[in-house]
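# Fold and contact review
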Amino acid sequence: MRPAAVAERMRVAFVSMETSFHRDGEGVSRFERVARTLARRDHDVTLFCAQWWDGYDERIERDGLTYRAVTVSPALTSFVVRIPALLAAHRPDVIHTRPAPPVQTVAASLGATLARAPLVTEWYGDESIEESRLYERAASGPKMVVTPSEMVRTEVREAGASADTSRVIPESIDMSLVRSVDPAEEVDVVFAHPLDESANMESFLLGLAELRTKDWTATVIGDGPMREEYENEAADLRIDDRITFAGACDRRERVALYKGAHAFVQTAYREYFATELLWAMACGCVGIVEYQAESSAHELIEGAQRSFRTTNPQQIADAIVDAGEFERLSVDEDWADYDHDAVLEEYIGVYEDLQDAYGLW
């Protein structure tokens, strides 16, 4: 991670027609969290978006972040027509946008040219824009494309970004929360993911079933359309009496459960970044990852001593047993570099490097 430094106060314009107030999504949540964290560090941050609040005010502040209405609703044509001039008038030092929809990136690029500011694009991986005719321009146009993992970065480079115009900045967590929350009751294993078809919880359950003759307890965090099916599968495997389905749980509850667990098992088919695995390992869990071609989870445990990489349920079972070799922890400071403030320094470093490269400061 880039060391913290005293940065000059920057004016940064974030551009996303849709925000978390319009729709849920990991990518948009990360985008706004970066903006909020930057604003809390006393930088001048405005998020240009479609209006989501009531009334006629062009601006509103929420959680320390200023939102600026470009249109009164998510009207794409009007948004992309208006945003270049608004950015030029705003005169930011850096413009930071999202690639969904791709025409938004093209419009922000024009605004960046008019404002003489470099353009950064936050490409999380969940945008589903591959069919757009502007897909490649969304990847090749920005001065820098930021992704949460090497897996997503590879996709972006295949779309047109280069090694020099793309980089990985991981997801971040709140280490102060990790340190302050009391652990929940001790369990041996925890699993966390929305209980849908991508969770691949079957691998987890089959791994536990291999340990039917041993003494263990497990907690499943998450809810979703396949919860009943997974509960029934646990009953069919005769291990349901040792598994607690805890439901969705808020962040504080999850941290407490992770701190009470010895190991975290990751089996999901798709992860642009294994955020819950990161939280769990920061809470002291031993990380057990079943490799999946469309998941970046294995990247997170590369070089991590308290971790195991597996490829099938039997190996998951073996790893759960072998995790007993590690002492129980409730906080693992090795993951402090993933704290929100530490990761923000990576973004500030990108902004400053672009400013230096283009001689705008």
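First, a word on scope: everything that follows refers to the structure included in this document. (Residues numbered from 1 in each chain as written. Predicted model: local features only at pLDDT ≥ 70, side-chain atom pairs only at ≥ 80, totals over all residues. Heavy atoms only, no water.)

This part is about the overall build of the chain. The number of helices and strands found in the chain is 13 helices and 14 strands. The C-alpha atoms of the chain give a radius of gyration of 22 Å, which matches the 21 Å a tight globule of 361 residues would have. A principal-axis box enclosing the C-alpha atoms of the chain has dimensions of 70 × 40 × 40 Å. Here the analysis covers contacts within the chain between residues at least 6 apart in sequence; of these, 68% occur between residues at least 24 apart. In the structure as shown, the chain presents an accessible area of about 16,000 Å², 43% of it carried by carbon and sulfur atoms. (Helix = DSSP H or I, 4+ residues; strand = E, 2+ residues; numbered from the N terminus. Rg over C-alpha atoms; globule rule 2.2 N^0.38 Å. Contact = heavy atoms within 4.5 Å. Areas by Shrake-Rupley, 256 points an atom, 1.4 Å probe, with all protein chains shown as cover.)

Let us now look at the pairing of strand 10 (residues 218-221). Burial along strand 10 is two-sided: the residues Ala218 and Val220 and Thr219 and Ile221 are all buried. As judged from the four bridges shared by strand 9 (residues 187-192) and strand 10, these two strands associate in the parallel manner. Bridge assignment links Phe191 to a residue of strand 10, and that residue is Val220. (Buried < 20%, exposed > 50% of the residue type's maximum accessible area, 1.4 Å probe, protein only. Pairing = 2+ DSSP bridges.)

This brings us to the environment of Ser149. As for its placement among the helices and strands, Ser149 is situated in the loop between strand 7 (144-147) and helix 5 (150-159). Overall, the relative accessible area of 1% leaves Ser149 in the buried class. Taking the C-alpha atoms as reference points, Ser149 and Ser296, separated by 147 residues in sequence, lie 6.5 Å from one another.

Below, the discussion takes up the sheet that holds strand 3 (residues 59-62). Within a sheet, each strand pairs with its neighbour through backbone hydrogen bonds, oriented either parallel or antiparallel. Across the sheet, eight strands lie side by side as 3-4-2-1-5-6-7-8; this open sheet has mixed pairing. Edge strands, defined here as strands with exactly one partner in the open sheet, are strand 3 and strand 8 (166-168). Each adjacent strand pair in this sheet contributes to an overall mean axis angle of 25°, direction not counted. Here five bridges tie strand 2 (residues 44-50) to strand 4 (residues 65-71), and the two strands are oriented parallel to one another. Looking at strand 4, one finds that Ala50 is bridged to Thr71. Across the face of the sheet, helix 1 (residues 26-40) comes into contact with strand 1 (11-15), strand 2, strand 4, strand 5 (94-97), strand 6 (119-122) and strand 7 while running at roughly 160° to strand 1. Running over the sheet, helix 5 touches strand 7 and strand 8 and is turned about 170° from strand 8. (Axes fitted to C-alpha atoms, helices over the stretch in contact; angles between N-to-C directions.)

In this section: the packing of aromatic side chains. Taken as a whole, this structure holds eleven aromatic pairs when the rule is applied. When the ring of Trp52 is compared with that of Tyr67, the centres are 5.2 Å apart and the planes differ by 90°; the resulting orientation is edge-to-face. In this pair, Trp52 sits in the loop between strand 2 and strand 3 while Tyr67 sits in strand 4, placing the two residues 15 residues apart along the sequence. By the burial criterion, Trp52 is buried, and Tyr67 matches it. Here the aromatic rings of Trp123 and Tyr135 are separated by 5.9 Å at their centres, their planes lie at 65°, and the arrangement is edge-to-face. Taken together, the residues span a long stretch of sequence, with Trp123 in the loop between strand 6 and helix 4 (135-140) and Tyr135 in helix 4 at a distance of twelve residues. (Phe/Tyr/Trp six-rings, centres within 6.5 Å; stacked < 30°, edge-to-face > 60°.)

Before going further, it helps to spend a moment on helix 10 (residues 275-282). In an α-helix, one full turn covers 3.6 residues, which means residues spaced three or four apart are oriented alike. The buried fraction of helix 10 is high, at eight of eight residues. Inspection of helix 10 places Thr275, Glu276, Leu277, Leu278, Trp279, Ala280, Met281 and Ala282 among the buried residues, and these make up the whole buried set. The first or second residue beyond helix 10 is Gly284, which carries a positive phi of 95°.

Here we come to the sheet that holds strand 11 (residues 243-247). Taken in spatial order, the six strands make up an open sheet running 11-10-9-12-13-14, and their pairing is parallel. Edge strands, defined here as strands with exactly one partner in the open sheet, are strand 11 and strand 14 (307-310). Each neighbouring strand pair of the sheet contributes to a mean axis angle of 20°, computed without reference to strand direction. Here three bridges tie strand 9 to strand 12 (residues 261-266), and the two strands are oriented parallel to one another. Opposite Val187, over in strand 12, you have Ala261 as the bridge partner.

This part is about the packing of helix 7 (residues 201-209) against helix 12 (residues 313-322). It is at 8 Å that the axes of helix 7 and helix 12 come closest, and there the two elements cross at 60°. The pairing of helix 7 with helix 12 is recorded here as oblique in orientation. Helix 12 is crossed by helix 7, and the crossing has right-handed handedness. On helix 12, the residues that touch Ser203, Leu206, Gly207 and Leu208 of helix 7 are Pro313, Ile316, Ala317 and Ile320. Of the residues belonging to the contact of helix 7 with helix 12, the class tally is six nonpolar, two polar and no charged. (Parallel < 35°, antiparallel > 145°, perpendicular 65-115°, else oblique. Left-handed = near helix turned anticlockwise from the far one by under 90°. Nonpolar A, V, L, I, M, F, W, Y, C, P; charged D, E, K, R; others polar.)

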